[in-house]
Amino acid sequence: MGSLKKKNFMLICLMFLHILVLCMAQGQVHHYDFVLKETNFTKLCSTKSMLTVNDSFPGPVITVRRGDLVYFNVHNQGKYGVTIHWHGVKQPRNPWSDGPENVTQCPIQPATNFTQEIILSDEEGTLWWHAHSDWSRATVHGAFVILPPDGKYPFPQPDFEQIIVLGTWYKGDVMAIYDDAVASGGNPNISDAHTINGFTGNSTDCPTEETFTMRVSYGKTYLLRIVNAVMNEERFFGIANHNLTLVGMDGAYTQPLITDYLMITPGQTMDVLFTANQTLSQYYMLSTAYFDGFAEFDNTSAKGIIEYIGNYTPPSTIPSPTLPELRNATAALNFTASLKSLATPQHPINVPKNITRHIFIAISLNVLPCLPAGRTCKGPPVNNTETIISASLNNISFSTPKIDILEAYYRNINNVFTKDFPDSPELFNFTGDVTNISQYTTQGTKVIMINYGEAVEIVLQGTAIQSPENHPMHLHGYSFYVVGIGSGNFNNFSDPENYNLVNPPEVNTIGVPKSGWVAIRFFANNPGVWFMHCHLERHATWGMDTVLIVKNGSTPETSIRKPPAYMPPCPKS
Ligand SMILES: [Cu+2]
């Protein structure tokens, strides 16, 4: 009798425990309206109309907690079709709200709206949202902050938090710059400035321009939530006289990394602590370009001021941090290679050990023929023949289809994509002498098919074709573990021996080093249609993209959810 009572009691306890876990897993529900519309902005002493969300640049900061559910009703009051992507949100089983244009949805046309359902799961830290059609993300982006459910960080509680959005400013109309580049086949016009929270800082051209200023109190610790929303350049970042401690990246915690500079690529987000422990004064916060390619680019830096509160004479010259020089690929690689995940029982990781699917992707800049005949093309001439600039993954330059791949996949519509993206490229000395390798590539809408539950490894290999460069590769629907990184060609025998399977960083975007490689791993546990692409906008435009389709598992819980009642309609073919 006694033992039966005990058993019942145990059962009741177990039930309660189950309910408790369910309650903990259930987050709050939020509703936001995003109104896309043209707004006038004046920067660098020149005014233009540009697409914004809710009239702001950068756009609104969204703050929620881990595990919450967020509905965004996106109203397009602009002039052209747009989509919005929730960068770094895994969206379990729900590719319908992921956003990349003609990959998971057709654009939200002017005078229409689309409600996106954003399902947060294990993301915690800073992510962001941005437009994902043409180059509209230049002006349509903002921070997406995901707080711990109990408000407690796995690092000393900061006194204050500050969003830092690194952006790009074009005096001209970004859509016109994009259209011109597509028409000419050449390098797009470069931007005019880099911004911190929308401020360009004053320049000799426009001395009235304002500089972002952050006021700090001596002895206090600040959490910077840094979003790199820049279009086309990786950035070095630092604060004069102050160390930075990286504690999170891409919505996951990192082992604290004390450093005097960051290398942050477009698409990445970093959570960084610094303590105001220096002489009361002003110090520059600086973001400079890291650019290791040959093309013309915007070499402007972005400056903000860290201003101590108190009585002191402002310095005649504000000190600037010493950041690695522009082409310092070693400094970039060293920073990326030193990233580690926190990997504690409270914040565990789950790195695949026994790989069941190996994929090897060579990343190249290329050319395509200048067609049709009679066209003038501004790509780099090859053997005195005009070309258009292109880019590829495994020598396939991604052609964006006319209707979205998700719809075509879900409804079995033919002739939208093919399932034959190769698991490996044709072999050559990727990072060596490539003078005898054709710069021309092929085009296609080829996707990678992956079975549900596979333990996937993808080696991303930079090549020296055209112009060896760092490529910040971003995967939708997942974060992944960067188990290896190095210079030169990936060695299938020796490099895996040095993999970090203990605490590799868990990210959604990783800079593949110039003429180097990274190895990433993840479990294919999120069925859906997921875009993978370089987050340098010009490279993505040129076709440095592909799509992973992770097939359904055997149960409804391991299958793509039903589409919402309304999706933006696609053009009828
Ligand atoms: Cu790239």
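Residues numbered from 1 in each chain as written. Predicted model: local features only at pLDDT ≥ 70, side-chain atom pairs only at ≥ 80, totals over all residues.

Taken from the UniProt record, the annotation "domain: Plastocyanin-like" (unreviewed entry) applies to residues 37-149, 162-310 and 422-553. Overall, residues 37-149 shows 0% helix and 47% strand. The separation of its end C-alpha atoms is 34 Å. In the segment residues 162-310, helix accounts for 7% and strand for 48%; the C-alpha atoms at its two ends are 20 Å apart. (UniProt positions renumbered as here; feature names shortened; annotations may be inferred. Helix = DSSP H or I, 4+ residues; strand = E, 2+ residues; numbered from the N terminus.)

Ordered in space as S2-S1-S4-S6, the four strands form an open sheet in which the pairing is mixed. Each having just a single partner strand, strand S2 (46-53) and strand S6 (112-119) make up the two edges of the open sheet. Adjacent strand axes in the sheet meet at a mean angle of 25° when their direction is disregarded. (Pairing = 2+ DSSP bridges. Axes fitted to C-alpha atoms, helices over the stretch in contact; angles between N-to-C directions.)

Before going further, it helps to examine the sheet that holds strand S5 (residues 84-87). Spatially, S3-S8-S7-S5 is the arrangement adopted by the four strands of the open sheet, whose pairing is mixed. With one partner strand each, in any of the chains shown, strand S3 (62-65) and S5 form the two edges of the open sheet. Across the sheet, the mean angle from the axis of one strand to that of its neighbour is 20°, orientation sign disregarded. Bridge count between strand S7 (residues 125-131) and strand S8 (residues 141-147): six bridges; the pairing is antiparallel.

Each assigned domain of the chain is listed here: domain 1 (18-153), domain 2 (155-340) and domain 3 (357-558). Computed from C-alpha atoms alone, the centre-to-centre distance between domain 1 and domain 2 is 22 Å. Every contact between the two is made by 26 residues of domain 1 and, on the other side, 34 residues of domain 2. Elements supplying a minimum of two residues to the side of domain 1 that touches domain 2: S2, S7 and S8. Top element by residues in the side of domain 1 that touches domain 2 is S7. It accounts for five residues. (Domains from an automatic or database assignment. Contact = placed C-beta atoms within 7 Å.)

Residues Val70, Phe72, Val74 and Asn76 point to one face of strand S4 (residues 69-76) and are all buried, whereas Leu69, Tyr71, Asn73 and His75, pointing to the other face, are not buried. As defined by bridge partners, strand S1 (residues 29-43) adjoins S4 across eight bridges and the pair is classed as parallel. By the bridge assignment, Phe34 is partnered in S4 with Val74. Here eight bridges tie S4 to S6, and the two strands are oriented antiparallel to one another. Considered in S6, the bridge of Asn76 is made with Thr112. (Buried ≥ 20, exposed ≤ 12 C-beta atoms within 10 Å, placed from the backbone.)

Omega for the bond connecting Phe57 with Pro58 falls within 30 degrees of zero, at -10°, which places this linkage in the cis form. Here Pro58 lies in the loop between S2 and S3. Of note, the amide linkage connecting Leu371 to Pro372 takes the cis form, showing an omega dihedral of -5°. On the secondary structure map, Pro372 appears in the loop between strand S20 (357-369) and strand S21 (387-393). In this structure, Ala111 takes a positive phi of about 70° despite not being glycine. Along the polypeptide, Ala111 turns up in the loop between S5 and S6. We classify Ala111 as exposed; it has 9 C-beta atoms within 10 Å. Phi is positive for Ala343, close to 50°, though the residue is something other than glycine. For Ala343, the location among the structural elements is in the loop between helix H3 (329-337) and S20. Under the C-beta neighbour-count criterion, Ala343 is labelled partly exposed, with 19 such atoms within 10 Å.

Moving on, we get to the environment of Lys551. Inspection of the secondary structure puts Lys551 in the segment after strand S32 (545-550). Sequence-wise, Lys551 and Asn526 are 25 residues apart; in three dimensions their C-alpha atoms are separated by 8.6 Å.

Moving on, we come to the environment of Glu117. Along the chain, Glu117 falls in strand S6. Residue Glu117 is classed as partly exposed on the basis of its C-beta count, with 14 C-beta atoms lying within 10 Å. In sequence terms Glu117 and Pro148 are 31 residues apart; their C-alpha atoms lie 20 Å from each other. Other than its neighbours up to four places away in sequence, Glu117 contacts Tyr71, Asn94, Ser97 and Pro564.

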